Amino acid sequence: MIEVVIVPKTAPVVFEKDVPCRLRDGVTLYANVYRPDREGSYPVLLTRHPYNKNLVDFSHRYVDPFRLAAAGYVVIIQDVRGRFSSEGQFVPFIHEGEDGYDAVEWAANLPYCDGKVGMFGLSYYGFTQLFAAAESPPSLKAIFPAQTGSSLNEDMLFRQGALEYGLFATWMLDSVAPDLIHRECPDDYPFVRKDIESALHHINDTFHHVPLTEWPPLRNLHPVLSLYQQFITQEISNEAQSKASIKHQLSSLELPAYHLAGWYDCFLGSTLENFQEMCKAGEEQRLIIGPWGHGDFSAAQGERFFGAHAAGDWMDEERDITALHIEWFDKKLKATTSASGRESAPVQLFVMGIDKWREEKEWPLARTRYIPYYLHSNGKAGLESGTLSTTKPQEEPTDQFCYDPSNPVPTVGGNGLFYKGENAGPCDQNEVEARKDVFVYTSEALKEPLEVTGPIEVVLWAATDAVSTDFTAKLVDVWPDGKAFNLADGIVRGDTCQESEIGAIRYQLDLWATSNVFLPGHSIRLEISSSNFPRYDVNPNTGKTTIDSEVMLPASQTIYHDENYPSYILLPVIPTKI
């Protein structure tokens, strides 16, 4: 029986619980519905996710469904196949295309709907939007994908060959395991739930265990362990793999989309790619990037506070994230303009350093000057000697360090997504930089402000005595008091390389992007190392991985920065006055 509750708000809203949606194969999914308590038919705003439609933190999160309903929308929040109230078997990402198509068309034909559907949501429920869009349901007219990707393998499991270990392992334990165990082993659930809570509390103590396929927190959770192993070992079928990626279809998706990203989000790179690729199809695309972590839209991130206006619920007197949704869907589903009458620019960026919002016409910015900053040193690239400048290197000695995978460089801040947001955002890197296996290259203190906004890459000439190894890079803003806050980072696994005649290899590291003004007195710093753990699995330097092997060997790493092999970071400099 559907439970109906009338909730008094600015305008009365009817809340219906457990509304059934029957799919083409007979499986029934269940949803909660928020709709205006008045006669008429309205456009639908649909979101589909695996995190329990009844939990406010996951179902509503950064968007207020009551405000959306009061604004004249039917808001539908649905449990995906095999999760919580919905029937079927849950296999992450695999069914979301066809199920999404069916859910969109079901919603469009509800008696109080006008036939037009929009979709919204972040993370997994951003994937569900894009996967549904790739199936071209005729009633889907616009989407608002936030902090998400388009491929399970490339956007959630791996980055330039390295396993997104902290993200995926924690997601399986914290988000997938409880309901999966509750469904398949209901008698064991009360005891298993306590084990999961204990494992999450001590999770940092378990990440070092190898092989990763036998990760202790999942060892006794057999249904979850099996799923986890299939994905990290890539043993899922080719058919399933193809269903879990629509990256090749992005450029042909003729659908308006408003993309929401965060400078410290684990899906920053893929969200920017979604925007850029979907622009090619000719439909209107919008992009907003705040100084946010994953699903965290507060003004305080990591060890920094960006000002109250940086928060997603108070960007200015007229805007918050819910208001952006209403304006977007009013335009695309109702063909009306915003109440303010002001048409914002296609791209809205939060520029860190000066901590201000700014509107732009495109991404990347057309006026960008890509300037290489070269690595220099006297052979000992510590805090005292490694430098960074626009001057090309001449004859310089190499830098060498020992990378020991049994003692990896710890993750401190960044675009990670671990349990309860640990190890995310801007954090002081001084302790990390004091390690002997982390080389730093620092510019002189700036006399004028320098804005860096756009995609960032590092070209690193390096050599190793290992069969296969990793290199990492991190862009850092060094403050006058010595604190060093991370802005962007990346990793590359050494299987894809281009070797020179002397053994030096040209590695290309994608650091995604940032927008930051290095203020007068600040310095630009680049960190180079070979690990960032547990954000990524460590490379054991043996030609195998710790996914299924316990053997690790140290590696001798050599960094080149001379006339023939100039290593550099390519910075997107914006030539405007601040």
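Residues numbered from 1 in each chain as written. Predicted model: local features only at pLDDT ≥ 70, side-chain atom pairs only at ≥ 80, totals over all residues. Heavy atoms only, no water.

The name that an unreviewed UniProt entry assigns to the chain is CocE/NonD family hydrolase, with the source organism given as Sediminibacillus dalangtanensis.

Caption draft 1: Main features of the nonpolar core. Residues I76, Y228, W263, L460, I559 and I569 are the most contacted members of the largest nonpolar core, which totals 171 residues. A per-element tally of this core places helix α6 (residues 165-184) first, with 11 residues. Core analysis: the next-biggest nonpolar cluster, separate from the first, contains nine residues, Y374, W461, Y568 and L570 among them. (Core = buried A, V, L, I, M, F, W, Y, C linked by side-chain atoms within 4.5 Å. Buried < 20%, exposed > 50% of the residue type's maximum accessible area, 1.4 Å probe, protein only. Helix = DSSP H or I, 4+ residues; strand = E, 2+ residues; numbered from the N terminus.)

Caption draft 2: Fine view of the pairing of strand β2 (residues 13-22). Sheet topology note: the β2/strand β3 (residues 28-36) ladder contains eight bridges and is antiparallel. Its bridge partner being in β3, P20 is matched across the sheet by Y30. (Pairing = 2+ DSSP bridges.)

Caption draft 3: Up close: helix α4 (residues 124-134). Burial analysis of α4 places 11 of its 11 residues in the buried class, the great majority of the element. Those residues of α4 that sit buried are Y124, Y125, G126, F127, T128, Q129, L130, F131, A132, A133 and A134. Within two residues after α4, S136 carries a phi angle of roughly 55 degrees, on the positive side.

Caption draft 4: Structural view of the confidence of the model for the chain. Mean pLDDT for the chain: 92, with 94% of residues reaching 70 or above. Below a pLDDT of 50 lies the segment residues 5-9, which in the model reaches 11 contacts outside its immediate sequence neighbourhood of four places, other chains included. (pLDDT = per-residue confidence, 0-100. Contact = heavy atoms within 4.5 Å.)

Caption draft 5: The packing of aromatic side chains, seen in detail. Under the defined criterion, the tally for this structure stands at 35 aromatic pairs. Judged by centre distance (6.0 Å) and plane angle (35 degrees), the rings of Y165 and F533 are tilted. Of this pair, Y165 sits in helix α6 while F533 sits in the loop between β26 (523-529) and β27 (555-560), placing them 368 residues apart in sequence. With relative accessibility at 7%, the residue F533 sits in the buried group. One residue, R83, lies across the ring of F90, its end atom 5.0 Å from the ring centre. In this structure, R159 packs its charged tip against the face of W512, placed 3.7 Å from the ring centre. (Phe/Tyr/Trp six-rings, centres within 6.5 Å; stacked < 30°, edge-to-face > 60°. Lys NZ or Arg CZ within 6 Å of the ring centre and 35° of its normal.)

Caption draft 6: The arrangement of the pattern of salt bridges in detail. Overall, the coordinates contain 27 salt bridges when judged by the stated rule. Note that R24 and D102 form a salt bridge whose closest N and O atoms lie 2.8 Å from each other. In this pair, R24 sits in the loop between β2 and β3 while D102 sits in helix α3 (residues 96-108), placing the two residues 78 residues apart along the sequence. For D102, a relative accessible area of 13% gives the class buried. E284 serves as the salt-bridge partner of K332, at 2.6 Å between the closest nitrogen and oxygen. Highlighted residues: K332 in helix α11 (residues 321-333) and E284 in the loop between α10 (268-278) and β11 (285-290), separated in sequence by 48 residues. Overall, K332 belongs to the partly exposed group, its relative accessible area being 25%. (Salt bridge = Lys/Arg side-chain N within 4 Å of Asp/Glu carboxyl O.)

Caption draft 7: Highlighting unusual backbone geometry. W363 connects to P364 through a cis peptide bond whose omega is -10 degrees. Between F533 and P534 the backbone carries a cis peptide bond, its omega angle lying at 15 degrees. One non-glycine residue, N52, lies in positive phi territory at about 85 degrees. Looking at where N52 falls in the secondary structure, it is placed in the loop between β4 (42-49) and α1 (56-59). Residue classification places N52 among the buried residues on the basis of a relative accessible area of 13%.

Caption draft 8: The environment of T545, seen in detail. If you trace the backbone, T545 turns up in the loop between β26 and β27. A distance of 3.2 Å separates a polar side-chain atom of T545 from the backbone nitrogen of I547. (Polar contact = N/O pair within 3.5 Å; in protein donor to acceptor, adjacent residues only side chain to side chain.)

Caption draft 9: Up close: empty space enclosed by the protein. Evaluation of the coordinates by the stated rule reveals two cavities of 30 Å³ or more. Roughly 90 Å³ of volume is contained in the largest cavity. Taken together, 13 residues line the largest cavity, and the ones lying closest to its centre are T472, K474, E527, S529 and S531. Breaking the lining of the largest cavity down by element, the ones donating at least two residues are β23 (470-478), β24 (484-493) and β26. Approximately 40 Å³ is the volume found for the second largest cavity. (1 Å grid on protein atoms, 1.4 Å probe; cavity = no way out; pocket = protein on both sides within 12 Å on 5 of 7 lines; lining within 4 Å. Points joined across faces, edges and corners; volume = space filled by probe spheres on them.)

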